[in-house]
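Listed below, chain by chain, are the residues.
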Amino acid sequence: MAAVEVREGYKYYGSKSNPKIILNYLNMNVMRGSIYGLLGASGCGKTTLLSCIVGQRQLNSGNIRVLDTQPGDIPGSRIGYMPQEIALVEEMTVTETIYYFGRIYGLTEEKIKEKFKLLRDLLQLPPPKQLVKKCSGGQQRRVSFACAMIHDPELLILDEPTVGLDPMLREKIWDFLVDSTRNSKMAVIITTHYIEEAKQANCIGLMRNGVLLAEDTPIAIMQKFECNSIEDAFLILSQKQGDSDVIVANDGNKATGTSTVMSSVEVIDTETNRVPLEKPSLKFVDENDNKTEYLEHEMENRKKIWFSTRGRVKALMTKNFVQLFRQPSGIIFMLMFPLIQLTCFYLAIGKTPTNLKLGIVTNEINDYTKCFSKNLTTVYNYNNTCEFNKISCRYITELGDGIAERVYFNSVADAHSAAKRTDVVGYIHFPHNFSESIKSVLEDGRFADDSAFVNAELSVHIDMTDQQIAFFVERKLRDKFDSFMKNVLADCDLPTSLANIPVQFQEPVYGSFDIEFQQYVAPGVVMTMVFFLATLMTAAVFISERMDGVWDRTLVAGVSATEMLWAHLLTQIIIMAFQSFEVIMYIGIVFDTYNKGDSTTLVFLLTLTAFCGMLFGLLISVYCKSHTEANFVATGAFYPMIILCGLLWPLEGMPKSLQEIVMFFPFTIPSISARNIIEKGWSITHGQVYNGFIVMTAWIVIFFTLCIIGIKRKS
């Protein structure tokens, strides 16, 4: 009974109009209890053929039967697969690697331990506690070979297993394979560059340019061509085939070619270039004799897979945690990056600007040192009248250097020139009759001269190119002038309310008058941070596994893409819940950030946000082929979300049509919900809090659905 049958296998890459042919109507038979050596130069299509057999790729036309079923439908426990690349998790030890594959194949701990001991002696494996990334290339290939053999598969597929190995070890491996196939029904397909070592195979296939030139026992092929080595026979066949590939028409039908194909050591008609479907040198067993045995075995395997699903997810989660915690960068990224980013935010954003310089020009005095004289009296109050003397000095001294360092100039021209050179952020000018004008306005009121009103004002000139600095200086100068005038009025026994504008701001409904910009943007910053940290980490992990071959090898081992997805989701939920708790505790304890609401609700919202970001990263990894492409997509999504989510500027400042769009962004409404929890103390039952949870849940469903669709399409 054949373990593998390939009929009319045709595979190409590129477009139909200009195809790059990899498999050219190839036919192949691998019998149970035998070793099949697939020989050919690099690029002839061997690896592509094997990937089609294990279900990683599909033929464009033709048919493959593997263990009497279609590729991809076979329980992973029936196939052992060693790909050409190492395809192992570098952060795991040798023991952890063997046990990982044993568990996903559904083996018990005792069985894994027994097989590990056998394979360790056979393959001379590295020390059990040695990390895979610390092993040499040859050692890694031996570990990879052991992983393929750990579960005694019915079909063992080895892609270049002996490359870089010691000749004595290669011979030992071949002896083991020969002995295993002789005493069981296990079939082995092995590709190798060492043509002569394939003499020990029961059957060999000589492959060139996607065509199987010959398929028979090594002795029969050498006898047919009257040569002493398989390599010489291969050379003769290659010369007969010629340098030209078989020509295939655009409609997929083969045209007349120049190649000569051999099968059962007989030359085949060059007009059809097809291998016979029935091979006289191979004896088939009646399927009815083995049908019952096969069905029983199939049911046993499916039960085994079903009951080991939970164990496989556990093994996958263990692998995920090992990968993360064995990498210093992973620990820093997971635990330290949120704290580092929050520290940078709280230390850099919303703080009072310092190291500013503000110009001072007053025409009331010639010497600024007089303003700081202890004998200077600026307000004289007697007989219900007030006299002012150099009152600009009083404002200058009360101003202090708390807002900006005062720089004194003798003229407006000098101060303006310094502002032009950006030596100062601006300057204040007091007229020469500032004191008299203040007195006239206070005493005469509406009967005062117009010039008195003009000269009683401070002239402030500020550089407005940096509006945050300008608004800060402007607000502080207003506050200082307000307190200055109230102090002057108090010295004159006048009501201080005269200095107030006729608008009174009472106790705020929410928040306080002292709230800083930092407090406003903090919820949005925290949410975008956990979202995109999860995005980048997930995209990096999945793309690395796919590029290293770990993803495909795990799929071939029988683990479904959905199981791998769930294992990663469960792993990330644990990490993200911890991250969210860590973030809330850190900003509360270190930066004394208050939270008027329920911390559990806030942690839950942050965890949901991180989970959504993780799914976004998974979505990126599904549709992007490289880290570079994934980084472009993540960065391209990052800035529009940051700019449009209301973090940098209120949503009310956007056009109405744009507001309606950005409300559906992943963390626009959730950021508002977080702010309502922190600042207003609202619970999850409030409409403007639970709507954030609804939006985030909706995006989670959308991303998860798209991920499942993408993974199934690629699978």
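Data block above holds the structure.
Residues numbered from 1 in each chain as written. Predicted model: local features only at pLDDT ≥ 70, side-chain atom pairs only at ≥ 80, totals over all residues. Heavy atoms only, no water.

Draft legend 1. Region of the structure containing unusual backbone geometry. The phi torsion at alanine 87 lies on the positive side, around 55 degrees, for a residue other than glycine. Secondary-structure assignment places alanine 87 in the loop between strand 5 (79-82) and helix 2 (94-104). The exposure class assigned to alanine 87 is buried, which follows from its relative accessible area of 3%. Phi angles above zero are rare outside glycine, and glutamate 160 is one such case at about 55 degrees. Note that glutamate 160 resides in the loop between strand 6 (155-159) and helix 5 (167-182). For glutamate 160, a relative accessible area of 2% corresponds to the buried category. (Helix = DSSP H or I, 4+ residues; strand = E, 2+ residues; numbered from the N terminus. Buried < 20%, exposed > 50% of the residue type's maximum accessible area, 1.4 Å probe, protein only.)

Draft legend 2. Highlighting a nonpolar patch on the surface. On the surface, Ile332, Met336, Phe337 and Ile340 cluster together into a nonpolar patch covering about 320 Å² of accessible area. Along the chain, isoleucine 340 turns up in helix 10 (residues 328-348). (Patch = residues over 30% accessible without salt bridge, like charges linked within 9 Å, V, L, I, M, F, W, Y side chains within 5 Å. Areas by Shrake-Rupley, 256 points an atom, 1.4 Å probe, with all protein chains shown as cover. Salt bridge = Lys/Arg side-chain N within 4 Å of Asp/Glu carboxyl O.)

Draft legend 3. Fine view of the pattern of salt bridges. As enumerated under the stated definition, the model contains 17 salt bridges in all. One salt bridge in this structure joins glutamate 96 and arginine 326, with 2.9 Å as the shortest N-O distance. In this pair, glutamate 96 sits in helix 2 while arginine 326 sits in the loop between helix 9 (309-325) and helix 10, placing the two residues 230 residues apart along the sequence. The exposure class of glutamate 96 is partly exposed, given its relative accessible area of 24%. For the salt bridge of aspartate 152 with lysine 111, the shortest nitrogen-to-oxygen distance reads 4.0 Å. Taken as a pair, aspartate 152 in the loop between helix 4 (137-149) and strand 6 and lysine 111 in helix 3 (residues 109-123) lie far apart in primary sequence, 41 residues in all. For aspartate 152, a relative accessible area of 41% puts it in the partly exposed group. Shared partners join several salt bridges into a network, and the residues in it are Arg32, Arg78 and Glu154.

Draft legend 4. Structural view of empty space enclosed by the protein. Summed over all chains, the structure comprises 3 cavities of 30 Å³ or more. Around the largest cavity, the lining is made up of 13 residues, and of these Ala522, Pro523, Val526, Ile587 and Ile678 lie nearest the centre. Sorting the residues of the lining of the largest cavity by element identifies helix 16 (517-548), helix 18 (561-589), helix 19 (599-623) and helix 22 (668-680) as the ones contributing at least two each. Top element by residues in the lining of the largest cavity is helix 16. It accounts for 5 residues. Here the residues of the lining of the largest cavity sort into 11 nonpolar, 2 polar and no charged. One number sums up the size of the second largest cavity: a volume of about 70 Å³. (1 Å grid on protein atoms, 1.4 Å probe; cavity = no way out; pocket = protein on both sides within 12 Å on 5 of 7 lines; lining within 4 Å. Points joined across faces, edges and corners; volume = space filled by probe spheres on them. Nonpolar A, V, L, I, M, F, W, Y, C, P; charged D, E, K, R; others polar.)

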